[in-house]
Every structure is written in C-alpha cells, then in structure tokens.
Amino acid sequence: MNDIWWQTKGEGNCHLVLLHGWGLNAEVWDCITPELGSHFTLHLVDLPGFGRSGDVGALSLEEMTRRVLAKAPEKAIWLGWSLGGLVASQAAIVAPDRVQALVTVASSPCFTAHGDWPGIKPEVLSGFQHQLSEDFQRTVERFLALQTLGTESARQDARLLKSAVLALPMPTTEVLNGGLEILKTADLREPLASLPMTVLRLYGRLDGLVPRKIVPLLDAQWPNSQSYIFAKAAHAPFISHPAEFCQQLLALKSVIV
C-alpha cells in the first residue's frame, strides 16, 4: 500500500523531486514552483504521515524512503530540505541509479552533535519530543520560529511556514515524534561519502539548526560534492532568498542535463 500524496507540475525536460522538512508539507515550495516549473517537471510530495499523506503512523527513515521511491520517477534530481534531506540522501544510497543528482537544503547527514561533530544537542531534540506531548501547537510553532531566526525577513518567513502548516491537517504527535527520532538518530556520513552522482549541499549562514561549521568538514570528507552558503539565510533559504535559490538549481541542471 502506498498512501503518499503526490502532485506533478511543470513541463521541463528534467524531473525534480521536492521533499519538505519536519512538521510541514509540499505547500512550503509555493514560493519557488512558478519559477522552477518552466525548467523542470516538479514532483511535489507530502512525506508519509505529513500533510495529505496523513493516514500512517511514525515510520523509520528506511521505510519512509522506500514508500517515496515506490512512487518516484525512474530518474530524477532529488532535493530534500532538512528532514527531507535525509530521505533524499537515503534514496541516493539505496537507489543510486535513480538519483540523477542529490541536493540537500539546510540538512545534515547527522543532525545530532557527537564529540567534535557540530549539530543539535540531543537533549534539545529530546526536549521537543517531551514538549510535543504537553503543548503540541506551541512546540511546532517554536520549531518553525527557530528556522527563520536571524534573517532580515524572519517574521514574514515564519508566517509563510506557519501558513503552509495550517493549510492542511496537522501531523499526529506520533508522526512528529517519529520525525524527531530520525533527526536524533540518523547518521549517514559514511555511506554518503562514496555516492556516484553529483551532490549539491545548500546552507544558510544564519541557520541555528544546521551549523555552518559542518560545511568545511563535509567539503573535506566529501570532495566530490559542492557546497553553497546563502549569506543572509537561515534554515529556509528557498523562502527567504527564492531567486538566488532557483539560480543554484538552474546552474546544477545546466551541468548534468
């Protein structure tokens, strides 16, 4: 059974799968789909448990990826934001022949801090999990506010994220907890080091969830990948800097198509 909401739009000669982040849905891409739709065939997805794909409980990263792959085109660029970056990365690991290029946006192969590895402290993610059971709405809103903190358009960007959440039914506490568990436990640093396809990593310099310190570390560990930092963006560069964001994708397309 595959119960994923999936919409195709655009008329480009290259397929682009867009995977959203934790707590959200495909509505977050509305600010860039008009521009990208003339260059790509876009595949807009609500990840299992989120948005219109809500009739499912918490899934592992592997199972979530398997369900998305079952519905995806045979060959596409996979772009994943935050939690979606882990799903896109997992797809590139298990089905490299189907991933034309991998683009991760404000994402990390390992979101949790470990020793010298910069990331979110495990107790912060555990705190969010605990708060979900106490004040569901406030916890989600706090997480969204964190994603835009520090940018010149922070309030406007947070409103856009919030409107995307409120446009559709909210995920269940179980699904949100499951997503946080993936962020807390996933570590794809090693398997991603040897991917055969083009890898583009996009970051916001002001991101409070994926620290920019990981950029030079991954530049060294993954010499075949490329990185780009949006100087004035935080965790959602496609919302705060849509034109600059689309330029990066069009440049990538010109190289691989």
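Here is what the cut-offs are and how they apply
Residues numbered from 1 in each chain as written. Predicted model: local features only at pLDDT ≥ 70, side-chain atom pairs only at ≥ 80, totals over all residues. Heavy atoms only, no water. 1 Å grid on protein atoms, 1.4 Å probe; cavity = no way out; pocket = protein on both sides within 12 Å on 5 of 7 lines; lining within 4 Å. Points joined across faces, edges and corners; volume = space filled by probe spheres on them. Helix = DSSP H or I, 4+ residues; strand = E, 2+ residues; numbered from the N terminus. Nonpolar A, V, L, I, M, F, W, Y, C, P; charged D, E, K, R; others polar. Phe/Tyr/Trp six-rings, centres within 6.5 Å; stacked < 30°, edge-to-face > 60°. Buried < 20%, exposed > 50% of the residue type's maximum accessible area, 1.4 Å probe, protein only. Salt bridge = Lys/Arg side-chain N within 4 Å of Asp/Glu carboxyl O. Polar contact = N/O pair within 3.5 Å; in protein donor to acceptor, adjacent residues only side chain to side chain. Contact = heavy atoms within 4.5 Å. Expected span 1.5 Å × (residues − 1). Pairing = 2+ DSSP bridges. Axes fitted to C-alpha atoms, helices over the stretch in contact; angles between N-to-C directions.

Q: What am I meant to see in empty space enclosed by the protein here?
A: Any space left empty among the atoms is revealed by the rolling of a water-sized probe across them. For the coordinates displayed, the defined rule picks out two cavities of 30 Å³ or more. The calculated volume of the largest cavity comes to roughly 70 Å³. Taken together, the elements giving at least two residues each to the lining of the largest cavity come down to helix H3 (83–94), strand S5 (99–105) and strand S6 (198–204). For the lining of the largest cavity, the leading source of residues is S6, giving three residues. Of the residues belonging to the lining of the largest cavity, the class tally is seven nonpolar, five polar and one charged. By volume, the second largest cavity is sized at about 50 Å³. Along the walls of the second largest cavity sit Leu192, Ala193, Leu195, Val199, Trp222, Asn224 and Ser225, which together make up its complete lining. Residues belonging to the lining of the second largest cavity are distributed by class as follows: five nonpolar, two polar and no charged.

Q: For this particular structure, what's the right way to read the packing of aromatic side chains?
A: Think of a pair of aromatic rings as described by two things: how far the centres are apart, and how the planes are tilted against each other in angle. Overall, the coordinates contain eight aromatic pairs when judged by the stated rule. Taken together, a centroid distance of 6.4 Å and an interplanar angle of 75° make the contact between Trp29 and Trp81 edge-to-face. Remark: Trp81 occurs in strand S4 (residues 76–81) and Trp29 occurs in the loop between strand S2 (15–19) and helix H1 (33–36); sequence separation between them is 52 residues. Here the two residues Trp29 and Trp81 agree in accessibility, since each one is buried.

Q: In this structure, what is going on with the pattern of salt bridges? I would like to understand it.
A: A pair can form between side chains of opposite charge whenever their charged atoms are brought close. Summed over all chains, the structure comprises 10 salt bridges. As a salt-bridge pair, Glu141 and Lys162 come within 3.4 Å of each other at their nearest N and O atoms. Taken together, the positions of Glu141 in helix H5 (residues 136–148) and Lys162 in helix H6 (residues 154–166) put the pair 21 residues apart, joining distant regions of the chain. Looking at Glu141, the relative accessible area reads 31%, which means it is partly exposed. With a shortest N-O distance of 3.5 Å, Glu152 and Lys232 are connected by a salt bridge. Highlighted residues: Glu152 in the loop between H5 and H6 and Lys232 in the loop between strand S7 (225–230) and helix H10 (237–240), separated in sequence by 80 residues. A relative accessible area of 48% means that Lys232 is categorised as partly exposed. Look at the salt bridges and you will find they share partners, linking Asp3, Glu63, Arg66 and Arg67 into a network.

Q: How should I be thinking about the side chain of Ser240 in this particular structure?
A: If you trace the backbone, Ser240 turns up in helix H10. Within the structure, the side chain of Ser240 is placed 2.7 Å from the side chain of His241, a separation counted as a polar contact. Discounting chain neighbours no more than four positions away, the residues touching Ser240 are Ser153, Asp157 and Ala233.

Q: Before we go on, may I ask you to explain helix H4 (residues 122–134) in this structure?
A: The end-to-end C-alpha separation of H4 is 19 Å, in line with the 18 Å expected for 13 residues at 1.5 Å each. Restricting attention to buried positions, one finds in H4 the residues Leu125, Gly127, Phe128, Gln129 and Leu132. Residues of H4 that are buried sit in contact with H5 and helix H7 (173–185).

Q: Got a minute to help me understand the sheet that holds S2 in this structure?
A: The seven strands lie next to each other as S1-S3-S2-S4-S5-S6-S7, forming an open sheet whose pairing is mixed. Because the sheet does not close on itself, it has two edges, and the strands there are strand S1 (5–9) and S7. Across the sheet, the mean angle from the axis of one strand to that of its neighbour is 20°, orientation sign disregarded. Bridge count between S5 and S6: five bridges; the pairing is parallel. Bridge assignment links Thr104 to a residue of S6, and that residue is Arg201. Docked against the sheet, helix H9 (residues 214–221) engages S6 and S7, running at close to 170° with respect to S6.

Q: For this particular structure, what's the right way to read H5?
A: Helical periodicity: at 3.6 residues per turn, an α-helix aligns residues three or four positions apart in one direction. Among all positions in H5, only Thr139, Val140, Phe143, Leu144, Gln147 and Thr148 are buried. On its buried face, H5 sits against S4, H4, H6 and H7. Gly150 sits one or two residues past H5 and shows a positive phi near 100°.

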